Amino acid sequence: MKINLASSEKFKNRHIAPSEYDIQYMLDTIGVSSLDTLIDETIPQSIRLKKPLQLPKALSETAFLKSFKQTASKNQLFKSYIGLGYYDTLVPGVIQRNILENPGWYTAYTPYQAEIAQGRLEALINFQTMVSELTGMELANASLLDEGTAAGEAMTMLHASKPRSKKQANRFFVDEKVFEQTKEILKTRALPVGIDLVFGSLNELDLTDPEIFGLLLQYPNADGEVIDYSKLVETANENHIFTAFSTDLLSLTLLKPPGEMGADVVIGSSQRFGVPMGFGGPHAAFFATKEPFKRQIPGRIIGVSVDKHGKNAYRMALQTREQHIKRERATSNICTAQVLLAVMAGMYAVYHGPKGLKAIASRTHGLAVMTANWLSQLGYEQVNEVFFDTIRIRVDEVQKEKIRAFALSKKLNFRYEKDHILLSFDQAKNRADVVEIYEVFAKSTNLLQVATPEIPSEIDGILPAGLERSSGYLEHEVFHRFHSEHEMLRYLKRLENKDLSLVHSMISLGSCTMKLNATAEMIPVTWPEIGQLHPFAPQDQAAGYYEMFQELRNWLSEITGFADTSLQPNSGAQGEYAGLMVIRAYHQSRGEDFRNIVLIPSSAHGTNPASAVMAGMKVVIVPCDDKGNIDVDAFKAKATEHKDKLSALMVTYPSTHGVFEEAIQEICELVHEYGGQVYMDGANMNAQVGLTSPGMIGADVCHLNLHKTFCIPHGGGGPGMGPICVAKHLAPFLPGNPFIRTGGTAAISPISAAPFGSASILPISYAYIAMMGETGLSNATKMAILNTNYIKKRLEGNYPILYTGSKGRAAHEMILDCRGFKDCGVEVEDIAKRLMDYGFHAPTVSFPVAGTLMVEPTESESKAELDRFCDAMIAIRQEIREIEEGQVDSTSNLLKNAPHTAAALLGDSWDYPYSRERAAYPLPFVKENKFWPSVGRIDAAYGDRNLMCSCIPTEVYEEEKEAVE
């Protein structure tokens, strides 16, 4: 026996599920001789890459983790007192292990199919309740991307909601003491839509100015001051001016909440509620407002409704607000949230409860007071009259540099400004840290000997009575029951068991690419070297991060065929917006500000037109032909009509219809001929990597959904990342940051608050590329296309396939046409709900074509799993056929009553015209691993008519319990 000593396990063989035998079987079923033949019949030769991607040799999982540990160790962990919205926090182990590190939570999809997402939805209700009660507002959403972009959403929402008396008002006043990164994002968001930003001191604010429609305040402000804004808000209301607050949730356990001051909107970050700083993210921003704004609030809202049995159930409420419905009429392009992080923050509040949170806030405040007192004994002046966690020390330039040197020698990061040093305290600090700070400042005095004061066990706070919180918060039972780890563990598991995720079965969502999130990719996320860095720490302390950023940028640029990449956008929709803003800046640099027309195919994602409008552009829709392709003649006519003002084409490739359009190069060339730029939506990059590229096709910029093609988990609706890759002529305009130099030589203002967006999850995509290598990546693309065409072959006799390429092939996704079933009363929603009984999440419902299912299996699914899904779809088709043939009732049948819960199956009465077994176990494989939906079909309309977006009162649970008994 010969033994190969050089052999090692290859990650690509773990990531790509089908075996060689399975691949040949699928090829035989499809009717092609080889995988390469299938690809040749799917992707036009004219856009195929001429040479392999130039990427490093693939690493094994073990080799990658060892190598990346060395890279990460180049990051230096200093204690951070920088603040500015980012604070060290102690992540409870029960939350880290059972949510952040748990694929049962991080591999779930956005809860559009609410019946199999009740656990996550309940967790988000906890988050919304926490936010609304701490801020003193009536309503909160299920999170946004970061504090800065949440401020931008507040500004544009209030602008769109102006009363008649302010219809002509376009000025938005921003207090000069708002965080600098937030001010910069407001600049990005305001200019394209005609909002005139005014930055200044509140002392100079004229609230009688008829041009002002709103103002933004920071509470506590960037200097750490805490000011009572009640009278200011009252005067603003009298003058029909909206007020928005950017605030800190932890401080609100001690401080009078903005809602009690009359605020219209309250935003901020929940990061310090148990989510690591992660060099900038991901963190769940929050957005709270008043009831009258419920139909204007951006993002997602979780509400309470009832199922068909009358049981309370959660769902996403008021979905007609979303950009997928409003498209070019939308004022926000928010398509995702930070669900996984919102779940963590909400559970942090559940675990600690109101008393625990108040104790953490009180100790944080006490440490700041103690430090201020001690430094005053050294002769330093602390200038904030009232503060929560941040003190501001007056120093001259010589003192500042002395202190900086001593602090760095002790591995302490302070915030340095002209004439001042600021120190922000947090949960992770203690009295020993105050001693350390005292010693640093003492060394910078001229005193010969300095004795450390006696360390107190208690200290008086300095909050005045008028600013101390007197109202209650977090009074619901959920914030009082789970304070022991055992109870918390069981609660988290109970919720997890209500959610279907990739740990249960394939989630075949077209356009959403629910692929394997490998464990080796996820491990570094919770390393301290990755999680505990402040985004504005000195760059030499983050050498490991910068090394990874540069390599990842190079790899993504190579994969897309472009010159450079910005890692800043922290969602796909943010990437769209960033790409369009870069195009806008490019036109302006050429003196062509008038270019403002964007051509968008009718099949595009709803975020595309919404992003274009936010970038100050006008949308012109281009129709598709009967085969699902862009209607080339119509496109040429539209392009010619608008050639003098053409800014860009936004195109998804392969198309949202799952087809590689053969006219794509001709279309790109015409756009360039007329002076426009081509923006490619990267949602479908899983069909391109290694075989073609946006640069090869003719695009100028694309965004990449790292949470799709590059394996960052969807996390139940977020986090995501949306870097943009650009051609050489657009690289100078990549977005910058006010604290850390990023972007190009003519950088646009920031898109996200942190310099590198949600930096702590970038190692996931970095790991994926490093372990796959060129061969693995290109093979993954081929297998995604093979798996889809195998499903197509198995299902096409039962479901019409809506669109295919010229040779009858689908790309990595395809559309099943279910519209014909309406004739027998079956809607596409009925198929989606019945799939739950088979243990599957539905494919994408009614997008991009109403009444259809868009299926995308990905390369990570085995043939056995593909067959289970196909068997389920074929069995459902037979159930539909029984309705068509009149064998069963058209109003009470397996589809109309789906999903079937365990409670319904075990009840005393069974009024359905089919057996319980057929309802619960429609195929043999279901019995082996049954996933039970926790509620029956939810009444969506009821939930919207009776909007309730916070925890269900305890007495309702008791009423339900009594009804069952």
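Below or above, wherever it landed, is the structure these notes cover. For every chain, the first residue of the written sequence is number 1, and numbering continues from 1 along that sequence. With the structure being a predicted model, the display of local features is reserved for residues of pLDDT at least 70 and the display and counting of side-chain atom pairs for 80 or more, all residues being used for whole-chain, interface and lining totals. Water and hydrogen atoms were dropped before computing side-chain values, which therefore reflect all heavy atoms in the structure.

**Focus on the pairing of strand β5 (residues 212-219)**
Then, in step 1: Only protein chains enter the accessibility calculation, which uses a 1.4 Å probe; a residue whose area is less than 20% of its type maximum is buried, one above 50% is exposed, and one in between is partly exposed. Runs of E in the DSSP output that reach at least two residues are strands. Runs of H or I that reach at least four are helices, and both are numbered from the N terminus. Most of β5 sits out of view: eight of its eight residues are buried.
Then, in step 2: When DSSP finds at least two bridges between two strands, those strands are taken to pair. In this structure, strand β3 (residues 171-175) lies alongside β5, joined through four bridges in parallel fashion. Bridge pairing in β5 places F173 opposite L215.
Then, in step 3: Note that β5 and strand β6 (residues 242-248) share six bridges and pair parallel. Looking across to β6, one finds that L217 is bridged to F245.
Then, in step 4: By the criterion used throughout, a crossover qualifies as right-handed when its path from the first strand across the helix to the second strand runs clockwise, the strands pointing away from the viewer. Crossover connection from β5 via helix α10 (residues 230-238) to parallel β6: handedness right-handed.

**A closer look at the sheet that holds strand β7 (residues 265-269)**
Then, in step 1: Pairing in this open sheet of seven strands is mixed, and the strands run β2-β8-β7-β6-β5-β3-β4 from one edge to the other. A strand with exactly one partner marks an edge of an open sheet, and here the two such strands are β2 (139-140) and β4 (196-200).
Then, in step 2: Taken strand by strand, helix α8 (residues 147-160) contacts β3, β4, β5, β6, β7 and β8 (285-289), and its axis lies near 165 degrees from that of β7. The contact rule is simple, with two residues in contact once any of their heavy atoms fall within 4.5 Å. For helices, the fitted line uses only the C-alpha atoms of the stretch in contact; every axis is such a line through C-alpha atoms, and the angle between N-to-C directions lies from 0 to 180 degrees.

**Observations concerning the environment of L216**
Then, in step 1: Within the secondary structure, L216 is located in strand β5.
Then, in step 2: When its relative accessible area of 1% is taken as the criterion, L216 is described as buried.
Then, in step 3: Residues L216 and V178 lie 38 residues apart in sequence; the distance between their C-alpha atoms is 7.8 Å.
Then, in step 4: L216 has contacts with A151, F172, F173, V174, D175, V178, T182, L186, A244, F245 and S246, leaving out every residue within four places of it along the chain.

**Concerning the sheet that holds strand β21 (residues 701-704)**
Then, in step 1: An order of β16-β22-β21-β20-β19-β17-β18 is seen for the seven strands of this open sheet, with the pairing classed as mixed. Edge positions in the open sheet fall to β16 (564-566) and β18 (618-622), since each of these has one partner strand only. Averaged over all neighbouring strand pairs, the angle between strand axes comes to 25 degrees, with direction disregarded.
Then, in step 2: As defined by bridge partners, β21 adjoins strand β22 (residues 724-726) across three bridges and the pair is classed as antiparallel. Directly across from C702, in β22, lies its bridge partner C725.

**What about empty space enclosed by the protein?**
Then, in step 1: Both cavities and pockets are sets of points on a 1 Å grid over the protein atoms alone; in a cavity a 1.4 Å probe fits but cannot get out, in a pocket the set is open with protein on both sides within 12 Å along at least five of seven lines, and lining residues sit with an atom within 4 Å of a point. Grid points are joined across faces, edges and corners, and a volume is the space filled by probe spheres set on the points. Per the counting criterion, the structure on display carries seven cavities of 30 Å³ or more.
Then, in step 2: If you trace the largest cavity, you find 22 residues lining it, with G85, Y87, F179, D248 and R272 closest to the centre.
Then, in step 3: Contributions of two or more residues to the lining of the largest cavity are made by β5 and β6.
Then, in step 4: Under this grouping Gly is polar, as are all residues other than the nonpolar Ala, Val, Leu, Ile, Met, Phe, Trp, Tyr, Cys and Pro and the charged Asp, Glu, Lys and Arg. Broken down by class, the residue content of the lining of the largest cavity amounts to eight nonpolar, nine polar and five charged.
Then, in step 5: Looking at the second largest cavity, its volume works out to about 70 Å³.
Then, in step 6: Lining the second largest cavity, in full, are L84, G85, Y86, D146, E147, G148, F179, Q181, S269, G280, H283 and A753.
Then, in step 7: For the lining of the second largest cavity, the class distribution of residues is four nonpolar, six polar and two charged.

**Thoughts on the pattern of salt bridges**
Then, in step 1: Any carboxyl oxygen of Asp or Glu that lies within 4 Å of a side-chain nitrogen of Lys or Arg is treated as forming a salt bridge with it. Overall, the coordinates contain 53 salt bridges when judged by the stated rule.
Then, in step 2: A salt bridge links R120 to D499; the shortest N-O distance between them is 3.0 Å. Taken together, the residues R120 in helix α7 (residues 118-135) and D499 in the loop between α16 (485-496) and α17 (519-522) connect sequence positions 379 residues apart. Each member of the pair, R120 as well as D499, is classed as buried.
Then, in step 3: Overlapping salt bridges bring together K177, D223, E225 and R392 as one network.

**Digging into the side chain of K256**
Then, in step 1: Mapping K256 onto the fold places it in the loop between β6 and β7.
Then, in step 2: In the analysis that follows, any N or O atom pair within 3.5 Å is treated as a polar contact, provided that within protein one partner can donate a hydrogen and the other can accept it, and provided that, for residues neighboring in sequence, both atoms belong to side chains. Only 2.9 Å separates the side chain of K256 from the side chain of S230, close enough to count as a polar contact.
Then, in step 3: Residues within four places of K256 in sequence aside, it is in contact with Y219, D228, S230, M261, G466, L467, E468 and R469.

**Focus on the packing of helix α22 (residues 632-641) against helix α23 (residues 664-673)**
Then, in step 1: The geometry of α22 relative to α23 is characterised by a closest axis approach of 11 Å and an angle of 5 degrees between their N-to-C directions. With respect to their mutual orientation, α22 and α23 come out roughly parallel. When α22 is examined against α23, the residues V632, F635, K636 and A639 are found in contact with a partner set consisting of E666, I667, L670 and V671. Any angle between 65 and 115 degrees counts as roughly perpendicular, while under 35 counts as roughly parallel, over 145 as roughly antiparallel, and the rest as oblique.

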